[in-house]
Amino acid sequence: MPANIEIKAHARDFETIRSRAEKLSDSVMEIIPQEDIFFNVPQGRLKLRILAPDSAQLIYYTRPDQEGPKRSDYHIAHTSDPDNLKRVLELAYGIRGVVKKTRYLYLVGQTRVHLDDVDDLGHFMELEVVMKEGQSDAVGQEIAEGLMASLGVERSDLLEGAYMDMIENTSQN
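These figures come from a predicted structure and were not determined experimentally.

Caption draft 1: Representation of the overall build of the protein in the model. In terms of helices and strands, the protein carries four helices and eight strands. Ordered by position from the N terminus, the helices and strands of the protein form the series β-α-β-β-β-β-α-β-β-β-α-α. A globule of 173 residues ought to have a C-alpha radius of gyration of about 16 Å, and the protein, at 16 Å, matches this closely. Here the analysis covers contacts within the protein between residues at least 6 apart in sequence; of these, 61% occur between residues at least 24 apart.

Caption draft 2: Spotlight on the environment of Asp-116. Looking at the element boundaries, Asp-116 is found in strand β7 (residues 111–118). For the pair Asp-116 and Ile-31, spaced 85 residues apart in sequence, the C-alpha separation works out to 9.8 Å. Once you skip the residues sitting within four places of it in the chain, Asp-116 turns out to touch Phe-14, Lys-101, Thr-102, Arg-103, Gly-122, His-123, Phe-124, Glu-126 and Tyr-163. Here Arg-103 takes part through its side chain, which lies 2.8 Å from a polar atom of the side chain of Asp-116. Of note is the side chain of Asp-116, whose polar atom sits 2.7 Å from the side chain of Tyr-163.

Caption draft 3: Spatial organisation of the sheet that holds strand β4 (residues 55–62). Sheet architecture is closed into a barrel: eight strands sit in the order β1-β5-β4-β3-β2-β6-β7-β8, paired in antiparallel fashion. Strand-to-strand twist across the sheet, computed as the mean angle between neighbouring axes with direction ignored, equals 35 degrees. Where strand β3 (residues 45–52) and β4 come together, seven bridges link them in antiparallel fashion. By the bridge assignment for β4, Arg-49 is matched with Gln-57. Sheet strands touched by helix α2 (residues 82–93): β2 (30–39), β3, β4, β5 (70–79) and β6 (95–108). Its angle to β3, the strand with the most contacts, is close to 160 degrees.

Caption draft 4: Inspection of the side chain of Thr-79 at higher detail. Tracing the chain through its elements places Thr-79 in strand β5. At 3.0 Å, the side chain of Thr-79 forms a polar contact with the backbone nitrogen of Asp-81. Residues in contact with Thr-79, not counting those within four places in the same chain, are Leu-48, Asp-54, Ser-55, Ala-56 and Leu-85.

Caption draft 5: Region of interest: helix α3 (residues 137–151). An ideal rise of 1.5 Å per residue puts 21 Å on 15 residues; α3 measures up with 21 Å between its terminal C-alpha atoms. All of the buried residues in α3 are Gly-140, Ala-144, Leu-147, Met-148 and Leu-151. Buried residues of α3 fall within an arc of 105 degrees about the axis and therefore sit on the same side. In this structure, α3 carries Ala-138, Glu-142 and Ala-149 as exposed residues pointing more than 90 degrees from its buried face. Elements that come into contact with the buried residues of α3 comprise β1 (3–10), α1 (14–24), β6, β7 and β8 (122–130). Residue Gly-152 follows α3 closely and has a positive phi angle near 80 degrees.

Caption draft 6: A look at the nonpolar core. Judged by nonpolar contacts, the single largest core of 22 residues is most densely connected at Val-113, Leu-115, Met-125, Leu-127 and Leu-151. With residues up to four places along the chain from it excluded, the contact list for Leu-151 reads Ile-17, Arg-20, Ala-21, Leu-24, Val-113, Met-125 and Leu-127. The next biggest cluster of nonpolar side chains, apart from the first, holds 13 residues, and it includes Ile-59, Val-118, Phe-124 and Met-166.

Caption draft 7: View of the confidence of the model for the protein. When the pLDDT values of the protein are averaged, the result is 93; 99% of them are 70 or greater. Per-residue pLDDT, averaged within each element of the protein, yields its smallest value for helix α4 (residues 163–172) (87) and its largest for α2 (98).

Here is what the cut-offs are and how they apply
- Residues numbered from 1 in each chain as written.
- Predicted model: local features only at pLDDT ≥ 70, side-chain atom pairs only at ≥ 80, totals over all residues.
- Heavy atoms only, no water.
- Helix = DSSP H or I, 4+ residues; strand = E, 2+ residues; numbered from the N terminus.
- Rg over C-alpha atoms; globule rule 2.2 N^0.38 Å.
- Contact = heavy atoms within 4.5 Å.
- Polar contact = N/O pair within 3.5 Å; in protein donor to acceptor, adjacent residues only side chain to side chain.
- Pairing = 2+ DSSP bridges.
- Axes fitted to C-alpha atoms, helices over the stretch in contact; angles between N-to-C directions.
- Expected span 1.5 Å × (residues − 1).
- Buried < 20%, exposed > 50% of the residue type's maximum accessible area, 1.4 Å probe, protein only.
- Arc of directions from axis to C-beta.
- Core = buried A, V, L, I, M, F, W, Y, C linked by side-chain atoms within 4.5 Å.
- pLDDT = per-residue confidence, 0-100.

If you want it as structure tokens, here you go:
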């Protein structure tokens, strides 16, 4: 199963982080509107990421809920019929919730830098160091922490969990 090392943080100064990411990036920034529909599953997380009316990714992943760099194992399947797949998954598992966001994607080496504007939550930064075959988690963590420093993200900004968890916690309070 593919893996990456992830960091998620509050983006206290979204524009400064965007400017720094742009300077570090190997390519032109891409803006990606996303709707993630999470399903109730007994372990890990399962979401249908809708990218367009005829394009989506079904993503299953596991990762610990902890601050700082963490390993995420995932598998992605693509579909050109998101509405039908959503209905099947809804019937089988039930919908846990929906996260809508605008993602600004920058590529820096083997890392995907995501600057996310999440509906009802605010601005966040995610790093996904896409692990190469045979690369250790320690190397991925070192890359993530170096990028975190270059972007000006502080340890106190780090978060655990997924946006879905944050939305659930907000609605319970």
